[in-house]
Structures are given as structure tokens and as C-alpha cells.
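# Residue-level structural notes
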Amino acid sequence: MAEATQQQALDELQAKIEASGVTPELQSQATQLVFGVGSPDADILFIGEAPGKNEDLKGEPFIGAAGKFLNEMLETIGLTREDIYITNIVKYRPPNNRDPLPEEKEAFLPYLHEQINIIKPKLIVTLGRHSMDVLLPGLKISEVHGQPKRHKGQIYLPLFHPAAALYNGAMRQTLIDDFSLIPTIVEKI
Ligand code: URA
């Protein structure tokens with residue numbers, strides 16, 4: 001698929017989600033759907049948890065403190081947000097930034113799969129346990145972070161969530177170290 005066609009398919013998917021009433025409770029409390037940003041034919045797709053306050057207001061994922069750290073880590077491997085694609089499993093902000101509920105993640109999963117099928121990334125990087133749980137069920141993030149996993153023909157790299165590492169120096173370094181593996185993993189695919 002050409003890049004313009006992929007972008008069009010993503011736009012159509014976004015409109016479909018907005019019209020679907022996928023999680024009416026979340027939708028009614030959120031400012032807007034936070035669908036995703038970046039290159040529609042990116043080699044690397046990053047998937048976080050759910051939008052926070054800033055993301056809900058701006059309609060863009062990972063623009064708060066965790067997003068700033070994510071940008072810094074991208075820079076360390078020579079990438080910018082335009083080179084990759086970033087989204088979340090749950091695309092409406094949960095009230096008061098609570099964890100997304102299992103049924104909310106389930107409700108969004110078919111749409112996430114559609115998004116993945118349009119972008120067709122070489123590598124999916126899950127950020128935190130929520131996106132890992134739905135795509136790579138049964139794993140423990142503390143045991144598998146930084147280890148590439150093949151599941152149903154797709155390569156994944158589970159990483160800790162950047163927000164969890166913000167105020168934890170050891171975890172911050174672990175995340176930076178895990179991140180440094182990304183270029184070699186993509187090269188080998
Ligand atoms: N945390 C996430 O998981 N996603 C965002 O978009 C912002 C913060």
C-alpha cells in the first residue's frame with residue numbers, strides 16, 4: 001500500500017471508531033479520540049496505555065512528561081516522532097487517569113489490530129503492561145522487557161512504560177538500555 005493510501009485507511013478507521021460508540025462511558029467524558037500520530041508506513045509502531053490529560057486536550061498521544069522522555073529516547077537511536085507511529089491501546093482518556101479496564105482494552109483491540117494491519121510495522125514496541133497484555137498475553141513485563149518476541153508472525157519488543165521510569169533512576173536506565181536494542185532488532189527483521 002502506498003503511504004497516501006495508508007493514511008487514508010487510517011483516517012477512515014479513525015472515523016469508524018468515532019462513529020462506533022466503542023466505549024460510550026469513556027467517550028462521553030473525553031474531549032476527543034486520541035487516534036495516533038506518525039508515519040503511516042513506519043517500520044516501528046509504539047503502543048502505550050491510554051491518553052492522559054494533555055493528550056486528551058491536544059488529541060495526540062505521548063505529549064506530556066512521559067512523551068518528552070520517549071522523544072529523548074528516540075533521539076538516542078537517531079529517530080524522531082515523524083519516523084515512527086505512536087498510538088495507545090485505549091484511545092479515549094480514562095477519567096482521572098485511572099488504569100484502563102480489561103473490557104475497555106478488549107473493546108479497542110479489534111481497532112488496534114486494524115491499525116496494525118494498515119501500518120504493517122516490522123516491529124511493535126509495547127510500552128507498559130497494558131498494551132503488552134492484550135498483544136502478548138501471559139507474559140510478565142519484569143521478566144521479558146527488552147526481549148524481542150515473535151507472536152503470530154509479528155515481532156514485538158515489550159518495554160517498561162516511560163511514565164513508570166520518570167522518577168525511578170534504575171528503571172529509567174533499564175528503559176534506555178532496552179531502547180538501544182531497537183535499531184539492531186529492526187535491522188535483523
Ligand atoms: N501514557 C500513555 O500510555 N499514553 C499516552 O498517550 C500518554 C501517556
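Our subject in this report is the structure included herewith. Just so it is clear, the structure is predicted and the values come from calculations on it, not from any experiment.

## Some words on the sheet that holds strand 5 (residues 149-151)
- As summarised here, the arrangement of the 6 strands in space is 1-3-2-4-6-5, forming an open sheet in which the pairing is mixed. In the strand order of this sheet, the two ends are held by strand 1 (37-38) and strand 5, each with one partner.

## What to know about helix 1 (residues 3-20)
- An ideal rise of 1.5 Å per residue puts 26 Å on 18 residues; helix 1 measures up with 25 Å between its terminal C-alpha atoms.
- Taken residue by residue, helix 1 has Gln 6, Ala 9, Leu 10, Leu 13 and Ile 17 as its buried positions. One side of helix 1 holds all its buried residues, which, seen down the axis, span an arc of 100°. Turned more than 90 degrees from where helix 1 packs its buried face, Ala 4 and Ala 19 sit exposed.
- Elements that come into contact with the buried residues of helix 1 comprise strand 3 (85-88) and helix 5 (102-119).
- Following helix 1 by one or two positions, Gly 21 adopts a phi angle in the positive range, close to 60°.

## Brief notes about the pairing of strand 3
- Side chains of strand 3 alternate between two faces, with Tyr 85 and Thr 87 and Ile 86 and Asn 88 buried alike.
- For strand 1 and strand 3, the ladder comprises 2 bridges, and the chain directions are antiparallel. Paired with Gly 38 across the two strands is Tyr 85, which belongs to strand 3.
- Inspection of the sheet shows strand 2 (residues 44-48) paired to strand 3 by 4 bridges, in the parallel sense. Within strand 3, the residue paired with Phe 46 across the bridge is Ile 86.

What counts and how
- Residues numbered from 1 in each chain as written.
- Predicted model: local features only at pLDDT ≥ 70, side-chain atom pairs only at ≥ 80, totals over all residues.
- Heavy atoms only, no water.
- Pairing = 2+ DSSP bridges.
- Helix = DSSP H or I, 4+ residues; strand = E, 2+ residues; numbered from the N terminus.
- Expected span 1.5 Å × (residues − 1).
- Buried < 20%, exposed > 50% of the residue type's maximum accessible area, 1.4 Å probe, protein only.
- Arc of directions from axis to C-beta.
- Contact = heavy atoms within 4.5 Å.

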